[in-house]
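# Structural features, examined
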Amino acid sequence: MNPTNDPALKSWVPVPPDSHFPIQNLPYGVFRRKDEEVPRIGVAIGEHILDLTYLEQHGILKVAELGHRTVFSEHTLNAFLALGRPAWHGTRLAISRLLRADEPTVRDDAALRDHVLVPMADVDMLLPAAIGDYTDFYSSREHATNVGIMLRGVDNALQPNWLHLPVAYHGRSSSIVVSGTDLHRPLGQTKADDAPAPTFGPSRSIDFELEMGFFIGPGNSLGRPIPIDKAADHIFGMVLVNDWSARDIQRWEYVPLGPFLAKNFGTSISPWVVPLEALEPFRTNGPKQDPQPLPYLRISEPWAFDIQLDVTVQGAKMDRPHRLCASNMKHLYWNVCQQLAHHAVNGCNLQPGDLLASGTISGPTPDSYGSLLELAWKGTKPIALPNGETRVFLQDHDRVTMTGWCQGAGYRIGFGEVTGRVLPPLTT
Ligand code: CA
């Protein structure tokens, strides 16, 4: 077993039993201390952050695979992502060792400990990477089927290509924001089916989409595909993604090139990137694929992940969040390796820090649907909230929070959360 994943490992840093960040996780993030300007890179441990920037600058984090490179003095994870699996593994091993209960280097040095162990409450989290390109897949069969039924009826729910390739579109990276960022309701063109002409104004159908995304590590050169059995070497780790959507704008604009302004007003991600290495024990088989994919999309190992996911909403008049759905990443029909191999098969060059998102992760039951569009079935089944209100889409000041975790024996590998509110539109 990978020693960093041993369920028996304990840290000298206190980790509450329900924490998302035990020593078996060690997700990477970029943070800024409230009394500093300059961003730093760290890993989450319990309710603290271990400051890798400080440890690197003071020669305490020694990683043979890094040589003399100073990847943690950057303001994003990109330089680290570019290094690839051996450097990631060496670094994880070294960090795991520093945090182990029986390792005195930091544990027994009070001054050093004060410098490098930062309470999460004392920082702001930033985007973990400079995201060059963002691609959003559409890989949940249940989601694609539900949306297809609403648009085209039961008999033509899945388009003819869907079972043969992981459908996707190019999103926009400039509007990807870190958890905690609120977004204004977008303005746009919409047209009711029975209206003679479109009108302009604030969207009336703001939705969330429950997704997971993964960060690209080393890329490929332009023209050179990535074979599927090498795909995992290009995947660093995963985050939660809320792909906010304006359904009324989407319905009018998406023909024939797909979504545009309905999606690019904001996409929220969780700040902690959980390394693929920490997720290794939670790999599992995905749904059976029939028809068998073409050879370039065939996997020889299980590449689905057992990640439990849930979504809550809290409106301005609610005193606590209300759970809207619970799903699991293992439901996805197309897995991360297939998505990546397909993306690069034409020679499209992926680059360190690119973000590839899964598409809405809906499960088989109505309480596992990953969007309001499906949960309220295109507005026909309003969702009752505990305070007597209902929702078919999001209202101004509604807060949507997504969380996700892998359940181990006595510990959780968690993703923290991605949260944000819908604010009223800005009209000027
Ligand atoms: Ca999406």
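Residues numbered from 1 in each chain as written. Predicted model: local features only at pLDDT ≥ 70, side-chain atom pairs only at ≥ 80, totals over all residues. Heavy atoms only, no water.

## Re the overall build of the chain
Here is the rule: Helical segments are the DSSP runs of H or I of at least four residues, strand segments are the runs of E of at least two, and each set is numbered from the N terminus. With C-alpha atoms as the basis for the radius of gyration, the globule rule is written as 2.2 Å multiplied by the number of residues raised to the power 0.38. The rule is simple: take the accessible area with a 1.4 Å probe, protein chains only, and divide by the maximum for that residue type; under 20% is buried, over 50% is exposed, in between is partly exposed. For this analysis, residues touch if any pair of their heavy atoms sits within 4.5 Å.
A tally of helices and strands in the chain yields 10 helices and 26 strands. Its C-alpha radius of gyration of 22 Å places the chain within 12% of the 22 Å reference for a compact globule of 428 residues. Seen along its three principal axes, the alpha-carbon backbone of the chain occupies a region of about 70 × 55 × 40 Å. The burial tally for the chain puts 54% of its 428 residues in the buried class. Pairs at least 24 apart in sequence give 73% of the contacts found in the chain among residues at least 6 apart.

## Regarding the pairing of strand 20 (residues 308–314)
Note the following rule: Pairing between two strands requires that DSSP report at least two bridges joining them.
Burial of strand 20 is extensive: five of the seven residues sit out of reach of the surface. The pairing of strand 20 with strand 21 (residues 322–328) spans six bridges and is classified as antiparallel. Note that in strand 21 the partner of V311 across the bridge is C325.

## Focus on the packing of aromatic side chains
Put simply, the test is: Ring pairs are drawn from Phe, Tyr and Trp, using the six-membered ring of Trp, whenever the two centres fall within 6.5 Å, and their geometry is named by plane angle: stacked under 30 degrees, edge-to-face over 60, tilted for the rest. Only when the NZ of Lys or the CZ of Arg is both within 6 Å of the ring centre and within 35 degrees of the ring normal is a charge said to sit over the ring.
Using the criterion set out here, one finds 11 aromatic pairs in the structure. Ring geometry for W303 against F305: centres 6.2 Å apart, planes inclined by 55°, an arrangement best described as tilted. The burial state of W303 is the same as that of F305; both residues are buried. The structure contains a cluster of three or more aromatic residues connected by ring pairs, namely Y28, F72, F80, W88 and F236. Between R283 and the ring centre of W303, over which it is positioned, the NZ or CZ distance is 3.5 Å.

## Things to note about the nonpolar core
To keep it simple, the criterion reads: Buried Ala, Val, Leu, Ile, Met, Phe, Trp, Tyr and Cys residues that are joined via side-chain atoms within 4.5 Å together make up what is termed a nonpolar core.
With 63 residues, the main nonpolar core has M212, M238, L279, F305, I307 and M329 as its most contacted residues. Per-element accounting of this core gives the leading share, five residues, to helix 9 (residues 336–344). Here M212 is in contact with M238, V239, L240, V241, I307, L309, M329, L356, A357, S358, I361 and F415, once residues within four sequence places are set aside. Counting 45 residues, the second-largest nonpolar core is a separate cluster that includes Y28, V116, V239 and V241.

## Description of helix 6 (residues 141–152)
Because an α-helix packs 3.6 residues into every turn, residues spaced three or four apart end up facing the same way. How we decide: By this rule the span expected of a helix is its residue count minus one, scaled by 1.5 Å.
For helix 6, spanning 12 residues, the distance from its first C-alpha to its last is 15 Å, which sits close to the expected 16 Å at 1.5 Å a residue. The set of residues buried in helix 6 consists of H143, A144, N146, V147, G148 and M150. In this structure, the buried side of helix 6 is in contact with helix 10 (372–375). Downstream of helix 6 by a residue or two, G153 has a phi angle that is positive, lying close to 90°.

## Quick word on the layout of surface pockets
Here is the rule: Only protein atoms enter the 1 Å grid, on which a cavity is a set of points fitting a 1.4 Å probe that cannot get out and a pocket is an open set with protein on both sides within 12 Å along at least 5 of 7 lines, lining residues being those with an atom within 4 Å of a point. Grid points are joined across faces, edges and corners, and a volume is the space filled by probe spheres set on the points. Under the scheme applied here, ten amino acids are nonpolar (Ala, Val, Leu, Ile, Met, Phe, Trp, Tyr, Cys and Pro), four are charged (Asp, Glu, Lys and Arg), and all others, including Gly, are polar.
The computed volume of the largest pocket comes to approximately 1,200 Å³. For the largest pocket, the lining is made up of 48 residues, of which V147, L151, Q250, R251 and Y254 are closest to its centre. A per-class count over the lining of the largest pocket returns 24 nonpolar, 11 polar and 13 charged. Quantified by volume, the second largest pocket comes out at close to 340 Å³. As for the second largest pocket, its lining consists of 17 residues, and the residues nearest its centre are F21, M120, M125, W272 and E417. Those elements that provide at least two residues to the lining of the second largest pocket are strand 5 (123–126) and strand 26 (412–423).

## Some thoughts on the pairing of strand 10 (residues 187–190)
Side chains G188 and T190 project from strand 10 onto a buried face, and the interleaved L187 and Q189 project onto a face without burial. Strand direction decides the pairing type here: strand 10 and strand 11 (residues 199–202), joined by four bridges, are antiparallel. The residue of strand 11 that forms the bridge with Q189 is F200.

## Observations concerning empty space enclosed by the protein
Per the stated rule, a full pass over the model turns up three cavities of 30 Å³ or more. Taken as a whole, the largest cavity spans an internal volume of roughly 60 Å³. Looking at the largest cavity, the residues that line it are Y28, F80, R85, W88, H89, R92, F236, P275, L276 and E277. Of all the secondary structure elements, the ones that give two or more residues to the lining of the largest cavity are helix 3 (85–99) and helix 8 (276–279). With four residues, helix 3 is the largest single contributor of residues to the lining of the largest cavity. The residue makeup of the lining of the largest cavity, split by class, is six nonpolar, one polar and three charged.

## Description of helix 9
Convention followed: Contacts described as polar in this section are N or O atom pairs within 3.5 Å, which, within protein, must combine one atom able to donate a hydrogen with one able to accept it, while residues neighboring in sequence count only if both atoms come from side chains.
Burial of helix 9 is extensive: nine of the nine residues sit out of reach of the surface. For helix 9, the set of buried residues is V336, C337, Q338, Q339, L340, A341, H342, H343 and A344. The distance from a side-chain oxygen at the start of helix 9 to the backbone nitrogen of C337 is 3.1 Å, and the residue carrying that oxygen is N335.

## Structural notes on the sheet that holds strand 25 (residues 399–407)
Spatially, the five strands line up as an open sheet ordered 9-26-25-20-21, and their pairing is mixed. In this open sheet, the two edge strands, each paired with only one partner strand, are strand 9 (183–184) and strand 21. Note that strand 20 and strand 25 share seven bridges and pair antiparallel. Across the sheet, residue L309 finds its bridge partner in strand 25, namely G404.

## Here's the deal with the state of the cysteines
Formally: Pairs of cysteine sulfur atoms within 2.5 Å are identified as disulfides in what follows.
Using the criterion set out here, one finds zero disulfides in the structure. The structure places no disulfide on C325, whose sulfur is separated from the nearest cysteine sulfur, that of C406, by 17 Å. According to the relative accessible area criterion, C325 is buried, its value standing at 1%. Not part of a disulfide, C348 finds its nearest cysteine sulfur in C337, a span of 17 Å. Given a relative accessible area of 23%, C348 falls into the partly exposed group.

These figures capture arrangement, not role.
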